[in-house]
2 protein chains.
Amino acid sequence: MARRSDHTREELKESVFNAAWTIVAEEGFEALTARRIAKAIGYAPGTIYNLYDSMDDLYLQMNSKTLDLLYDRLSLFARASSKDEAAQNMKKMALDYMHFADENRAFWLMLFNLKVTEHRSDAGWYHDKVERLFLPLEQLLTPFYGDSQIKERKIATRILWSSVHGLCFLQETDKLILMTNQSSIEEMVNILVETFLRGIA
Amino acid sequence: MARRSDHTREELKESVFNAAWTIVAEEGFEALTARRIAKAIGYAPGTIYNLYDSMDDLYLQMNSKTLDLLYDRLSLFARASSKDEAAQNMKKMALDYMHFADENRAFWLMLFNLKVTEHRSDAGWYHDKVERLFLPLEQLLTPFYGDSQIKERKIATRILWSSVHGLCFLQETDKLILMTNQSSIEEMVNILVETFLRGIA
DNA sequence: CACCATAATGAACGATGTTCAATATTTATC
DNA sequence: GATAAATATTGAACATCGTTCATTATGGTG
């Protein structure tokens, strides 16, 4: 039996989380099971349930971290001092979203594993984190709207964000296979953003 | 033991399919199990495996039907005799896509259940059915492009299709909750199409 | 040292998809 | 019509899953 003085409760919870993270990173989401985690940290399966309510609870925590990482990435492009720069950064941001999805495929896909969303995510802190993802883009769209058009700007933000996401999603799940030309997906993102900005001008 | 002369092999396969379809329609995707189907048609679980290679095989057949139904719906708006009518029909088509997703939520969500796509879908007939979904929209976009811009038109089709899908997906998975205003999602689809068309003009 | 709170355990439960020897039914042969 | 071959159907069994909880091991306290 594992000794319990080796670590605090919080440290153990963290090591469960880290083990889970590594498993998904190295072997994909399908490999993430309670017994697999227990084996990785040298504990019994039951121990995990002393720290997390359920596996869904753990998934939710992992998604939370993924959302944080994504937010941090998108935030890097949020500042712009001119309309032109804003437009350029929007393209960079959209491209970076795709790259993030590509580099962190397993974690990104977990975000859309519906069982987790059905979990009703306690109170709404999870939804708040999702909502927060819109902010960097909304900031870039500010110069394109007047002070009295806050609602229009919010709507435009969500439309463009969803559009880029849709493109990314269909691409990443192999439903967009267009030409043999590999770069065409990045070309499409650029066209999307350019067309959208031309449309709201 | 169920008598085997009650039906041909093909009829039995069909009744498995229909039972599965009903279960998903009435109880959702989570309720769809081999034993549940067997119970519904009065056969043993093993029988299903005489007709389908695996449950994934069955899922794939069900997705195939969903894709057919969706294609039929979108096709209704594919014809237009003027640029204006084409633009109007594009909005109708986009809205209808959302309504389809809403009315057939469980089946529509099954399309994006990744385990199915990972199934690598024999040879490519499945991907062909996905590709076919772009055709109605591509037809409506024809008047907006010249004969020498076939590639541009194809790309635009996929961008707009993905965008509408992205909006629909985030809406249907409760990630877009904007205002209390329920109709705003339909408003967003309209704005999306209008903005896009203005952008390519 | 004895006591107690609690951390850790792992067998057990009810599910899942899937397999396959055994059995029931139909068809073919004499 | 009786018997043999072919085939459809079965359902117990296997490995796996998330989850529970009585039992056991551990660490701190009086």
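Everything below is about the structure printed above this text.
How each quantity is defined
- By convention here, each chain's residues receive numbers from 1 onward along its written sequence.
- Key to labels: chains lettered from A, ligands numbered from 1, both in the order written.
- Reporting in this predicted model follows two pLDDT cut-offs: at least 70 for local features of residues, and 80 or more for side-chain atom pairs to be given and counted; totals over whole chains, interfaces and linings ignore these cut-offs and use all residues.
- Heavy atoms throughout the structure, all of them, feed into the side-chain values; hydrogens and water do not.
- Near residues are defined by distance, with any heavy atom within 4 Å of the molecule or strand qualifying the residue.
- The definition of a polar contact used here is a pair of N or O atoms within 3.5 Å, where within protein one atom must be able to donate a hydrogen and the other to accept one, and adjacent residues in sequence count solely through side-chain atom pairs.
- Only DSSP runs of H or I covering at least 4 residues are called helices, and only runs of E covering at least 2 are called strands; the numbering of each starts at the N terminus.
- Interaxial angles span 0 to 180 degrees and are taken between N-to-C directions of axes, which are lines fitted to C-alpha atoms, for helices over the stretch in contact.
- Put simply, angles under 35 degrees are roughly parallel, angles over 145 are roughly antiparallel, angles from 65 to 115 are roughly perpendicular, and the rest are oblique.
- Only heavy atoms enter the contact rule, under which two residues are in contact if any of them lie within 4.5 Å.
- Residues are grouped as follows: Ala, Val, Leu, Ile, Met, Phe, Trp, Tyr, Cys and Pro are nonpolar; Asp, Glu, Lys and Arg are charged; every other residue, Gly included, is polar.
- With a 1.4 Å probe rolled over the protein chains alone, any residue whose accessible area is under 20% of its type maximum counts as buried; one over 50% counts as exposed, and the rest are partly exposed.
- Least squares is the method used to superpose the copies, on C-alpha atoms of residues holding a pLDDT of at least 70 in both.
- Whenever a carboxyl oxygen of Asp or Glu lies within 4 Å of a side-chain nitrogen of Lys or Arg, that contact is scored as a salt bridge.
- The quantity reported as buried area is the accessible area (1.4 Å probe) lost by two parts once they are put together, taken as the sum for both.
- Each aromatic pair joins two rings of Phe, Tyr and Trp (for Trp, the six-membered one) with centres within 6.5 Å, and gets the label stacked for planes under 30 degrees apart, edge-to-face for over 60, and tilted for any other angle.
- Should the NZ of a Lys or the CZ of an Arg lie within 6 Å of a ring centre and within 35 degrees of the ring normal, that charge is described as sitting over the ring.

### A word on the protein's contact with DNA strand D
Piece 1. A:Arg4, A:Tyr49, A:Met55, B:Arg4 and B:Thr47 are the nearest of the 23 residues found near DNA strand D.
Piece 2. Of all atoms in DNA strand D that approach within 4 Å of the protein, 62% are sugar or phosphate atoms.
Piece 3. A distance of 2.7 Å is found between a phosphate oxygen of DNA strand D and a side-chain nitrogen or oxygen belonging to A:Tyr49.
Piece 4. One nitrogen or oxygen atom from the main chain of A:Met55 is found 2.7 Å from a phosphate oxygen belonging to DNA strand D.
Piece 5. Within the residue set of the surface near DNA strand D, elements represented by two or more residues are α2 (34–41) and α4 (55–75) of chain A together with α3 (45–51) of chain B.
Piece 6. Looking at the surface near DNA strand D element by element, the count peaks at three residues for α3(B).

### As for the packing of helix α10 (residues 150–172) of chain A against helix α10 (residues 150–172) of chain B
Piece 1. Contact geometry for α10(A) and α10(B): axes closest at 7 Å, N-to-C directions at 110°. Between α10(A) and α10(B), the angle falls in the class roughly perpendicular. Seen from α10(A), the contacting residues are A:Arg158, A:Ile159, A:Trp161, A:Ser162, A:Ser163, A:His165, A:Gly166, A:Leu167, A:Phe169 and A:Leu170; seen from α10(B), they are B:Arg158, B:Ile159, B:Trp161, B:Ser162, B:Ser163, B:His165, B:Gly166, B:Leu167, B:Phe169 and B:Leu170.
Piece 2. For the contact of α10(A) with α10(B), a count of residues per class yields ten nonpolar, eight polar and two charged.

### Side note on unusual backbone geometry
Piece 1. Residues other than glycine seldom take positive phi values, yet A:Asp174 does so here, at roughly 60°.
Piece 2. Residue A:Asp174 is classed as partly exposed on the basis of its relative accessible area of 29%.

### Focus: the relation of the copies chain A and chain B
Piece 1. Least-squares fitting of chain A to chain B yields an RMSD of 0.1 Å, with the transformation described by 0.0 Å of translation along the axis and a rotation of 180°. Both copies are brought into coincidence by an operation consistent with a two-fold rotation axis.
Piece 2. Both copies present the same face, since 100% of the interface residues in chain A are matched by interface residues at the equivalent positions in chain B.

### Some words on the pattern of salt bridges
All names here are of chain A.
Piece 1. One pass over the full model with this rule turns up 18 salt bridges over all chains.
Piece 2. Between Asp96 and Arg73 there is a salt bridge, with its nearest N and O atoms 3.0 Å apart. Of this pair, Asp96 sits in helix α5 (residues 83–103) while Arg73 sits in helix α4, and the two are 23 residues apart along the sequence.
Piece 3. Since its relative accessible area comes to 21%, Arg73 is described here as partly exposed.
Piece 4. Each of Asp68, Lys129 and Arg132 takes part in one network of salt bridges that share partners.

### What about the interface of chain A and chain B?
Piece 1. Between chain A and chain B, the residue contacts involve 43 residues of the former and 43 residues of the latter.
Piece 2. Each partner contributes to the roughly 3,800 Å² buried at the junction of chain A and chain B, and carbon and sulfur atoms together form 70% of this total.
Piece 3. Together, A:Ile155, A:Ile159 and A:Lys175 form the three largest contributors to the area buried by chain A at its contact with chain B, with a combined 15%.
Piece 4. Inspection of the chain A/chain B interface yields zero salt bridges.

### Digging into the packing of aromatic side chains
Piece 1. The full count for this structure, using the stated rule, is 23 aromatic pairs over all chains.
Piece 2. For the pair A:Trp108 and A:Phe112, a centre-to-centre distance of 5.2 Å together with 75° between the ring planes defines the contact as edge-to-face.
Piece 3. When its relative accessible area of 12% is taken as the criterion, A:Phe112 is described as buried.
Piece 4. An aromatic cluster is defined as three or more aromatic residues linked by ring pairs; in this entry it consists of A:Tyr97, A:Trp108, A:Phe112, A:Phe134, A:Trp161, A:Phe169, B:Tyr97, B:Trp108, B:Phe112, B:Phe134, B:Trp161 and B:Phe169.
Piece 5. Here B:Lys65 stacks its cationic end above the ring of B:Trp21, 4.4 Å away from the centre of that ring.

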